[in-house]
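Structure at a glance
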Protein chains: 4
Amino acid sequence: MTELQTLPHQSSPISSRKADHIDLCATGDVGFRAKTTLFEGVELVHDALPELVVDDIDMSVELLGKKLRVPLVIAAMTGGTERARGINRELARIAEERGYGFGLGSQRAILKGEPRETYMVRDVAPTTLVLGNIGGVQAKSLETAKVLELVEAVGADALCVHLNPAQETVQPGGDRDFVGVVGALERLVAELPVPVVAKETGCGIGPRTAKKLAKAGVRHVDVSGAGGTSWVAVETARAAGQERSLGVTLREWGVPTAASVLITREARPRFKSIIATGGVASGIDVAKALALGAHAAGIARPVLQALHSGGRDGALAFLDQVESELRAVMLLVGARDVRALRRVPTLL
Amino acid sequence: MTELQTLPHQSSPISSRKADHIDLCATGDVGFRAKTTLFEGVELVHDALPELVVDDIDMSVELLGKKLRVPLVIAAMTGGTERARGINRELARIAEERGYGFGLGSQRAILKGEPRETYMVRDVAPTTLVLGNIGGVQAKSLETAKVLELVEAVGADALCVHLNPAQETVQPGGDRDFVGVVGALERLVAELPVPVVAKETGCGIGPRTAKKLAKAGVRHVDVSGAGGTSWVAVETARAAGQERSLGVTLREWGVPTAASVLITREARPRFKSIIATGGVASGIDVAKALALGAHAAGIARPVLQALHSGGRDGALAFLDQVESELRAVMLLVGARDVRALRRVPTLL
Amino acid sequence: MTELQTLPHQSSPISSRKADHIDLCATGDVGFRAKTTLFEGVELVHDALPELVVDDIDMSVELLGKKLRVPLVIAAMTGGTERARGINRELARIAEERGYGFGLGSQRAILKGEPRETYMVRDVAPTTLVLGNIGGVQAKSLETAKVLELVEAVGADALCVHLNPAQETVQPGGDRDFVGVVGALERLVAELPVPVVAKETGCGIGPRTAKKLAKAGVRHVDVSGAGGTSWVAVETARAAGQERSLGVTLREWGVPTAASVLITREARPRFKSIIATGGVASGIDVAKALALGAHAAGIARPVLQALHSGGRDGALAFLDQVESELRAVMLLVGARDVRALRRVPTLL
Amino acid sequence: MTELQTLPHQSSPISSRKADHIDLCATGDVGFRAKTTLFEGVELVHDALPELVVDDIDMSVELLGKKLRVPLVIAAMTGGTERARGINRELARIAEERGYGFGLGSQRAILKGEPRETYMVRDVAPTTLVLGNIGGVQAKSLETAKVLELVEAVGADALCVHLNPAQETVQPGGDRDFVGVVGALERLVAELPVPVVAKETGCGIGPRTAKKLAKAGVRHVDVSGAGGTSWVAVETARAAGQERSLGVTLREWGVPTAASVLITREARPRFKSIIATGGVASGIDVAKALALGAHAAGIARPVLQALHSGGRDGALAFLDQVESELRAVMLLVGARDVRALRRVPTLL
Ligand SMILES: Cc1cc2nc3c(=O)[nH]c(=O)nc-3n(C[C@H](O)[C@H](O)[C@H](O)COP(=O)(O)O)c2cc1C
Ligand SMILES: Cc1cc2nc3c(=O)[nH]c(=O)nc-3n(C[C@H](O)[C@H](O)[C@H](O)COP(=O)(O)O)c2cc1C
Ligand SMILES: Cc1cc2nc3c(=O)[nH]c(=O)nc-3n(C[C@H](O)[C@H](O)[C@H](O)COP(=O)(O)O)c2cc1C
Ligand SMILES: Cc1cc2nc3c(=O)[nH]c(=O)nc-3n(C[C@H](O)[C@H](O)[C@H](O)COP(=O)(O)O)c2cc1C
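Since the structure is predicted, the reported quantities are computational estimates derived from the model, not experimental observations.

Rules behind the numbers
Residues numbered from 1 in each chain as written. Chains lettered and ligands numbered in written order. Predicted model: local features only at pLDDT ≥ 70, side-chain atom pairs only at ≥ 80, totals over all residues. Heavy atoms only, no water. Helix = DSSP H or I, 4+ residues; strand = E, 2+ residues; numbered from the N terminus. Rg over C-alpha atoms; globule rule 2.2 N^0.38 Å. Buried < 20%, exposed > 50% of the residue type's maximum accessible area, 1.4 Å probe, protein only. Areas by Shrake-Rupley, 256 points an atom, 1.4 Å probe, with all protein chains shown as cover. Lys, Arg positive; Asp, Glu negative; His and termini not counted. Charge placed at Lys NZ, Arg CZ, Asp CG, Glu CD. Contact = heavy atoms within 4.5 Å. Least-squares fit on C-alpha atoms with pLDDT ≥ 70 in both. Buried area = accessible area lost by both parts, 1.4 Å probe. Salt bridge = Lys/Arg side-chain N within 4 Å of Asp/Glu carboxyl O. Polar contact = N/O pair within 3.5 Å; in protein donor to acceptor, adjacent residues only side chain to side chain. Nonpolar A, V, L, I, M, F, W, Y, C, P; charged D, E, K, R; others polar. Axes fitted to C-alpha atoms, helices over the stretch in contact; angles between N-to-C directions. Parallel < 35°, antiparallel > 145°, perpendicular 65-115°, else oblique. Left-handed = near helix turned anticlockwise from the far one by under 90°. Pairing = 2+ DSSP bridges. Near = heavy atom within 4 Å.

Some points on the overall build of chain A
Along its length, chain A carries 15 helices and 12 strands. On C-alpha atoms alone, chain A measures out to a radius of gyration of 19 Å, which is about the 20 Å that the 2.2 N^0.38 rule sets for 348 residues. Residues counted as buried form 63% of the 348 residues belonging to chain A. In the structure as shown, chain A presents an accessible area of about 12100 Å², 51% of it carried by carbon and sulfur atoms. Taken as two groups, the 41 positive and 40 negative side-chain charges of chain A have centres that lie 5 Å from each other.

Dropping the structure here:
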């Protein structure tokens, strides 16, 4: 029996928002409806003469200084509650076994006094690429030393600073002062000893944002684009009155993930890492993201759903499927490794 | 209890056409069906780093010499009957409270001897931008002094001259002599002490019309394009025989509102004001209209519907929603004020 | 009571194919299904300032040497049977009253010994533009003198030579030798004293055909394009076995009417007359055809259907509707006459 | 009674995979669903003046050194079992009577000791273009002499080397070592006395593959593109567990047949023969394939289905229909022979 299954469902008031998020994302109708990632409009071209042995295909990449066996990150989801602890540890253990990257959820809860143990995964994931996480709106009022403490508390290899203005706008009591986030990014990039990843949460990174990030010295992005989980939809389900109505209107807001990869690929100076998260649902999507210019893909909600409905085995089965799809597609486009995959022609 | 609710439904023969219009627009199926505003094809690009405080967002604009708190005009609807009086006063009061512009319905009724009191809103809207209204086909046979009298009778800040050949064509007994309308506009622009707005009523302003207007010296337009209320549909519901059949065929006639904004934006000399009316249904549409080049947006039927079904509170709730959507979108594209919004890139 | 209604339904063996055609076209499912005229993709642009009086709008054109009050031809349909006689006379009388052109059906029946009286319309249509009609595959084996006899027998102002290879291919016992049709056209153009119109019957005229026609000296075409009546469908309903199966496959074969107008407009030397027949269903279609470059539009089956279901009054009501739509559209694009309409910009 | 009907359905273990294939292809749901051949997007342009006699139309082509009466190949399907023997002989006899090419199924079974008699068709098809067949993954480990033996065993005029990496990837126990296939092709082209055709099996030939083939000296291709039979779907129906899931994801993988014809047409040096197989369902498709640049078309599953459901007569009726459609289309585009058809303009 896994840790996950044995954990009681905690619902103290302070953690109820987090619990809502987990529940809504595990079973709710919180995806984009009309808007897609645009991956379905990208076509990889079959090569009938791959000249490869399937077992020789090398899916590994280097990301943020660590080697991944597969160009996949389990994207930031949770922390701060006992249930979150179970999820984090289960998924981090899988990441360690499989050689994926692993993103912790927002560490803001630690600042608010929640037990930091719920983010502790280093014992089960000693060699994994672990990404810390803090909101841009929080980061701007935290001294770098304080942020570093958060990073060190969990032994993170890098820090994701998440940008989520659409979510905050709809969220009851959300933060609505976004002044100084660029400055905070610039400062953290300059002062932190670990790499900083600017990460959206489902609305993507457009050309203006990419430019501001590049100018602020940010070298790593997680585009977290539109087409998968809509955080506006998640917060709308929790909102009432005018915030709820506003959420209904803004549900489809954002830059599709595939578009955001193309946009960030054009930024100068070039980003060192582009992680394509947001609606990635199969190994074909991963392959398309990489062929479009990403260095790795991230998946959040589909992993949570697989874990929720099938436990550890369910999550493993889902991730096995993604891997086998990616491997098959690499074979069928004649790409022995990710370097080659990233040079494969795409039809838009 | 508001004035609106206390007013009896008047139905003397002379005012029955006006009453029909109100009823049909409040509850009937009189919108375009296949044709849209094309706003759905315009995409505003998310900026994950807005660097703004939501409360600092300034939606104000100057329009026709007055400052609006929000770039919104409650577009021309009614007058001439007691019921119209109630509607005008209720909406004008809201415009005053909220800082919107307010358009009176066609003042032709005054010329026909109907009580001008039904257009009187200055006591409840002393500082509001109030727009008078007369048809182009009427204007051509009125001396400027007479037109000025109409303007002064209601204390209007500007005069909308509405152009509605499609409606007239389908309307039983409609005017079908459009010769001299351009000359009348030219004369009124030259001789009236207030600005003249050339305003369609749901079929939009195309390139040829824009050129004629610019040449006639008209500096302000309300495009009132296709995609919202179809005045052909309204008159069709009231027509019989061949006029009705003709109305059925012409229901979708007109230039979509978004296209009309793009078209009028290209006119030279540039129009000083472009008001985007016609199918504007949300604050996102308002934002798109402004990003495409409009200076303000107008809404007619949706306001009437909200007022009809929910009274003053219903109208306020609808307008609050539009405002909060506009504010959210300005935040999410990183536009602190309307000037910035009008420079935001759009994807068509 | 009209002639039409008093005529008995004749069904002698020799005329049964003609009778089938009339029945199938009057009530059967013989239109194109997926393919359209493409008129729906043509947009005429509204002009809010037409500067016209509706009653001053002049719809007249000169076509093939005669003046039409409206740029409309009732296209070739029938002849050879008593029932055909009734239809021809009824429609020719309407054409005379309304100032339309009128096309007789194929006069081949006369050559086969059927009574030529069934084509006689000059007594009821003394001033009308009457078009004779013969198949290209027949024409090639007829001496010019014989063809002239056919023209003179009915007092035609011009002769349509119809081209219908798709129909012949599916028609049980159809002609399948198309060699010499171009030569026959060239000879008839040179030797006949009346103009020759090369006319398709529902599959349109493409670029190669237009070139051959222009080279053969043909100066007048009726494009009779795809999107309205499918003659393949008509013959398929009458066919069996492999011809039927072939008909099912070829049902949608042909160049859409709007495309065919654009194609024939580009031919050099320019055609003097381009008649746009094939799926024209409203005055808006007529207007679009003219704005695209046609000189007149033709309607066949819809007129037959209106006559069939509503008698003379039904046909008149349908044609009134077409006229009033055309007049309204000319007004709304600001075109005082057909010359102006043919210069109106179109959006494709 | 035909051989086919008298043959008992054999189901010894060794031949069960072949039997599954036949059954699945004869009656199963194994076609592409969303992806099409793209032939529906190709438009051949009607010529109303074909100047042809239908009986003079010459559909013959020379392919791989033999003359076909019609540019059609019954594409590779089966062999190795008694049932396969019946199918092969029935179809080869039809090919002989009708002047089509005929492709044998993979001869791998012979290598595995199955009776080579099941591939013997020369007695019933003495003059027919017969194509031998072997997989690229098999060919690479066979000496040329051994391959030649296979060719000679069946009296083949040419050898198809089929490329099917997508199928192998999903097939339980499929070959997944594709290294050396290009080298094998190069060697066979150089050393075999008969022409070598590189043939996909339903995923098409893309630009990279075409380049590798041209470079390896291959002069003949059968594109066997996407849009008809999906071999991934066939194998998915036979697979379980992860192979099955992978098959579901990859079902729509491949280059559409029409696109693949356009792609291979651009290869330099030019291929001498391009056979367009994959989803060809009518004579119109055949005509489009040739107009796009193919030299002949191939049909596999539809022929099998017609044979399965209607026996020899069913297959003949289907092929008659294809021929009559092709002939009709050649007439209607004014193409007297295939040379002319291949120069007919197409609209994409
Ligand atoms: C339950 C849940 C919680 C999340 N919490 C965070 C978070 O704390 N920080 C963050 O950067 N992103 C968070 N995200 C966003 C994801 O990292 C990801 O950007 C987004 O969900 C889009 O990916 P998807 O479509 O694969 O879900 C969360 C997502 C989910 C589903
Ligand atoms: C009930 C009603 C009455 C209207 N009366 C007038 C009028 O008198 N003068 C005028 O210029 N426009 C009039 N309009 C047109 C509107 O001002 C506006 O141009 C048009 O309805 C398109 O906007 P909408 O889609 O928001 O309704 C009227 C509209 C409505 C719904
Ligand atoms: C009942 C019927 C009979 C027709 N007979 C002829 C004919 O004899 N000669 C000819 O040139 N076209 C003939 N046509 C074709 C029409 O003139 C016209 O080209 C075609 O029907 C497309 O127009 P529509 O879509 O308006 O029907 C016939 C059409 C109909 C409906
Ligand atoms: C039952 C069946 C068996 C097949 N076996 C072979 C084969 O052994 N070798 C080969 O090259 N292709 C084989 N194919 C593939 C066909 O030759 C063809 O490339 C493919 O089915 C696409 O054509 P279609 O859409 O007309 O079926 C087979 C197809 C079918 C339907």
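Observations concerning the arrangement of the chains
No part of chain A reaches chain C; the closest C-alpha pair between them is 24 Å apart. Chain B shows no contact with chain D. Their nearest C-alpha atoms sit 24 Å apart.

Re the relation of the copies chain A and chain D
Expressed as a screw operation, the relation of chain A to chain D combines 0.1 Å of axial shift with a rotation of 90°, fitting to an RMSD of 0.0 Å. In symmetry terms, the pair is related by a four-fold rotation axis.

Regarding the interface of chain A and chain B
Contact residues are listed per partner, giving 31 residues for chain A and 25 residues for chain B. Between chain A and chain B, roughly 2300 Å² of surface is buried when both sides are summed, and carbon and sulfur atoms account for 65% of that area. Per-residue buried area on chain A facing chain B is highest for A:Arg208, A:Gln242 and A:Trp253; these three make up 27% of the total on that side. A salt bridge links A:Lys35 to B:Glu43, with the nearest nitrogen and oxygen atoms 2.7 Å apart. Inspection of the chain A/chain B interface yields 16 residue pairs in polar contact (both at pLDDT 80 or more). For the side of chain A that touches chain B, the secondary structure elements donating two or more residues are helix 7 (165–170), helix 8 (181–191), helix 9 (207–215) and helix 11 (241–250) of chain A. Classifying every residue of the side of chain A that touches chain B by side-chain character gives 15 nonpolar, 10 polar and 6 charged.

Quick look at the packing of helix 14 (residues 301–332) of chain A against helix 11 (residues 241–250) of chain D
Across the interface, helix 14 of chain A lies against helix 11 of chain D with an axial gap of 10 Å and an inter-helix angle of 60°. The angle between helix 14 of chain A and helix 11 of chain D falls in the class oblique. Read as a crossing pair, helix 14 of chain A and helix 11 of chain D show a hand that is right-handed. Of the residues in helix 11 of chain D, those in contact with A:Asp320, A:Gln321, A:Ser324, A:Glu325, A:Ala328, A:Val329 and A:Leu332 of helix 14 of chain A are D:Gln242, D:Ser245, D:Leu246, D:Thr249 and D:Leu250.

Overview of the sheet that holds strand 6 (residues 129–135) of chain C
What the 8 strands build is a closed barrel, ordered 4-5-6-7-8-9-10-11 (chain C); its pairing is parallel. Each adjacent strand pair in this sheet contributes to an overall mean axis angle of 25°, direction not counted.

Quick word on the site of ligand 3
Residue and element names in this part refer to chain C. Surveying the vicinity of ligand 3 reveals 23 residues, the closest of which are Ala76, Lys199, Ser224, Thr229 and Gly279. Between ligand 3 and the protein, one listed contact pairs an oxygen atom with a backbone N or O atom of Ser106 at 2.8 Å. Sort the elements by how many residues they give to the shell around ligand 3 and helix 14 (residues 301–332) lands first, with 3 residues. For the shell around ligand 3, a count of residues per class yields 9 nonpolar, 11 polar and 3 charged.

Looking at the environment of C:Ala153
Residues and elements named next belong to chain C. Take Ala153: it is sitting in helix 6 (residues 144–154). As for Ala153 and Tyr119, which are separated by 34 residues in sequence, their C-alpha atoms are 8.6 Å apart. Each residue touching Ala153, except ones within four places of it in the same chain, is listed here: Arg116 and Met120.

Considerations on the interface of chain A and chain D
Opposite the 25 residues of chain A that make contact, chain D presents 30 residues. Interface area, chain A with chain D, both sides summed: about 2300 Å², of which 65% is carbon and sulfur. A per-residue breakdown of the area chain A buries against chain D is headed by A:His46, A:Leu49 and A:Glu51, which together make up 29% of the total. Connecting chain A to chain D are 2 salt bridges. In this structure, D:Lys212 and A:Asp47 form a salt bridge, with 2.6 Å as the shortest nitrogen-oxygen distance. Those elements that place two or more of their residues in the side of chain A that touches chain D are strand 1 (43–44) and helix 14 of chain A. It is helix 14 of chain A that contributes the most residues to the side of chain A that touches chain D, 8 residues altogether. Taken together, the residues that form the side of chain A that touches chain D break down as 16 nonpolar, 3 polar and 6 charged.

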